[in-house]
Amino acid sequence: FAWLKARLLTTATAQEEKNLAAIFTPFVFRQYLDYGMLAALRALHAKIKLEVAQQGKQHNIKLGAGGIREIEFIAQIFQLMRGGREQRLRSKSTRQTLSTLAELGVLTVAEAQALQAAYVFLRNLEHRLQYLDDLQTQHLPKEGSADWKVLAQSMGFVEIADFTQQLDLHRQVVNRIFNAVFHVESSEIPPV
């Protein structure tokens, strides 16, 4: 999974980049559908889900149900399973990968658009959470708090209830699509 987003950190010649790609591309992007990747990703998600529950991070917009990680997992599993034959799936961009999955008919256009809208919304919210207290966080403050009002306004909402409703809607849609793709039981998304 890490190789999907890997980038060179040093200056390299075009030939050195090609040599590196020749080593990792067949390892990451298999020529044949690799359903073992699906099992591995399910296991990883189950581990994260357990950790989220144990650490009380259900309101984490990255790791919690319907969060950023579920969108990334949807894109990544299809990259790993089909990227060997479909080079367009080798993008480092989650949003581009979602578009390609719709073009290939793996996701419906409506699913891809919903995931992209949720991804943009949640990433924007993540940035605002981090600006709020100048911390690296994805954890939502308590609903009704002063911080909640600031977040709603910074996201362009006049009514706090509209912000909460939009957040819940995005998370529910993401979780529903994730569960359908991975054939897992629905995760409960706690009210904020």
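What this report covers is the structure whose coordinates are included nearby. Fair warning: this is a prediction, and the values are worked out from it, not measured in the lab.

**Description of the nonpolar core**
In step 1: Ranked by size, the top nonpolar core spans 38 residues in total, and within it Ile-74, Leu-125, Phe-163 and Phe-182 carry the most contacts.
In step 2: Listed by contribution, the elements that provide at least two residues to this core are helix 2 (35-54), helix 3 (68-82), helix 4 (94-103), helix 5 (109-133), helix 6 (146-154) and helix 7 (160-182).
In step 3: With sequence-adjacent residues up to four places away left out, Phe-182 is seen in contact with Leu-38, Leu-41, Arg-42, Phe-73, Ile-74 and Ile-77.

**Here's the deal with the packing of aromatic side chains**
In step 1: Enumeration according to the criterion identifies five aromatic pairs in this entry.
In step 2: Members of the aromatic cluster, connected to one another through ring pairs, are Phe-121, Trp-148, Phe-157 and Phe-163.

**Thoughts on the pattern of salt bridges**
In step 1: Summed over all chains, the structure comprises five salt bridges.
In step 2: The closest approach of N and O atoms between Glu-72 and Arg-123, which form a salt bridge, is 2.7 Å. Residue Glu-72 is found in helix 3, and its partner Arg-123 is found in helix 5; the two are separated by 51 residues along the sequence.
In step 3: Take Glu-72: its relative accessible area is 10%, and that puts it in the buried class.
In step 4: A relative accessible area of 18% places Arg-123 in the buried class.
In step 5: The residue Glu-103 makes a salt bridge to Arg-88 at a minimum N-O spacing of 2.9 Å. Taken as a pair, Glu-103 in helix 4 and Arg-88 in the loop between helix 3 and helix 4 lie far apart in primary sequence, 15 residues in all.
In step 6: On the basis of relative accessibility, which here comes to 41%, the residue Arg-88 falls in the partly exposed class.
In step 7: If you follow the salt bridges from partner to partner, you end up with Arg-69, Glu-72, Arg-123 and Glu-126 in one network.

Definitions and limits used
- Residues numbered from 1 in each chain as written.
- Predicted model: local features only at pLDDT ≥ 70, side-chain atom pairs only at ≥ 80, totals over all residues.
- Heavy atoms only, no water.
- Core = buried A, V, L, I, M, F, W, Y, C linked by side-chain atoms within 4.5 Å.
- Buried < 20%, exposed > 50% of the residue type's maximum accessible area, 1.4 Å probe, protein only.
- Helix = DSSP H or I, 4+ residues; strand = E, 2+ residues; numbered from the N terminus.
- Contact = heavy atoms within 4.5 Å.
- Phe/Tyr/Trp six-rings, centres within 6.5 Å; stacked < 30°, edge-to-face > 60°.
- Salt bridge = Lys/Arg side-chain N within 4 Å of Asp/Glu carboxyl O.

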